[in-house]
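Close look at the chain arrangement
Spelled out, the chains give:
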Amino acid sequence: EVSWMLGATHHFIAAPFYYFGVLLGTWGALFSLLMLHILIHYLKPSVAHLAYFYDLPLQFTPITPWFVLSLLAVSIGLAYLAVYFSVHLFLRRFQ
C-alpha cells in the first residue's frame, strides 16, 4: 500500500510475490519427488513380497523425466495461479 502511494506500478509491487511463488512451487515439487523416491525405496520390498505371495504382477515403475517435468510444471503453475489471484485481488482494492 505504501509503495503504491509512492507511485510504484502494479507490476513493481507484484513481481516479488510472483518470484517467491514460483520458488515455492519449485521447492514443493522437489520435496514431493524426494518423498516419492523415499516411499518407493521403502515399499518396494514389501510390494514384491506381496506380489509373490498372491502371484500378482505388481511392480513399481521408475520415475521418468517426463513425470518430473510435468510435476514441476503443475506445481509452478498452481503457485503462479495462486499468486496471481491473491495479488490481483489485493491490488484491485487500491485502484
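Preceding block: the structure.
Right, let's walk through the structure included here. (Residues numbered from 1 in each chain as written. Predicted model: local features only at pLDDT ≥ 70, side-chain atom pairs only at ≥ 80, totals over all residues. Heavy atoms only, no water.)

**Description of the packing of aromatic side chains**
- For the structure shown, the criterion picks out three aromatic pairs.
- Where Tyr18 meets Tyr80, the ring centres are 5.0 Å apart and the plane angle is 35°; that geometry is what we call tilted. In this pair, Tyr18 sits in helix 2 (residues 10-54) while Tyr80 sits in helix 3 (residues 65-92), placing the two residues 62 residues apart along the sequence.
- Ring centres 5.5 Å apart and planes at 65° place the aromatic pair Tyr84 and Phe85 in the edge-to-face group.
- Relative accessible area serves as the criterion here: at 53%, Phe85 is assigned to the exposed category. (Phe/Tyr/Trp six-rings, centres within 6.5 Å; stacked < 30°, edge-to-face > 60°. Helix = DSSP H or I, 4+ residues; strand = E, 2+ residues; numbered from the N terminus. Buried < 20%, exposed > 50% of the residue type's maximum accessible area, 1.4 Å probe, protein only.)

**Quick word on the side chain of Ser75**
- Relative to the elements of secondary structure, Ser75 occurs in helix 3.
- Excluding anything up to four places from it in sequence, Ser75 contacts Gly25 and Ala29. (Contact = heavy atoms within 4.5 Å.)

**Quick word on helix 2**
- Compared with the 66 Å implied by 1.5 Å per residue over 45 residues, the 61 Å span of helix 2 between its first and last C-alpha is a close match.
- The principal kink in helix 2, of about 40°, is found at Leu43, preceding the proline Pro45 by one to four residues.
- Within helix 2, the full set of buried residues consists of Ile13, Ala14, Ala15, Tyr18, Gly21, Gly25, Ala29, Leu33, Ile40 and Ala51.
- Two residues or fewer after helix 2 comes Asp55, characterised by a positive phi angle close to 55°. (Expected span 1.5 Å × (residues − 1). Bend = angle between axes of the 7 residues up to and from the residue.)

**Re unusual backbone geometry**
- Despite not being glycine, Asp55 has its phi angle at roughly 55°, a positive value.
- Relative to the elements of secondary structure, Asp55 occurs in the loop between helix 2 and helix 3.
- Judged by relative accessible area, Asp55 falls into the exposed class, the value being 68%.

**Quick word on the packing of helix 2 against helix 3**
- Running from N to C, helix 2 and helix 3 point in directions that differ by 150°, and their axes come no closer than 8 Å. In this structure, helix 2 crosses over helix 3, and the sense of that crossing is right-handed.
- Residue classes in the contact of helix 2 with helix 3 are distributed as 19 nonpolar, six polar and no charged. (Axes fitted to C-alpha atoms, helices over the stretch in contact; angles between N-to-C directions. Left-handed = near helix turned anticlockwise from the far one by under 90°. Nonpolar A, V, L, I, M, F, W, Y, C, P; charged D, E, K, R; others polar.)

**Quick notes on helix 3**
- If you check helix 3, its first and last C-alpha atoms are 40 Å apart, about what 28 residues at 1.5 Å a residue would give, namely 40 Å.
- Within helix 3 the residues assigned to the buried category are Leu72, Ser75, Ala79, Val83, Val87 and Leu91.
- Packed against the buried residues of helix 3 are helix 2.

Purely geometric numbers; function is a separate question.
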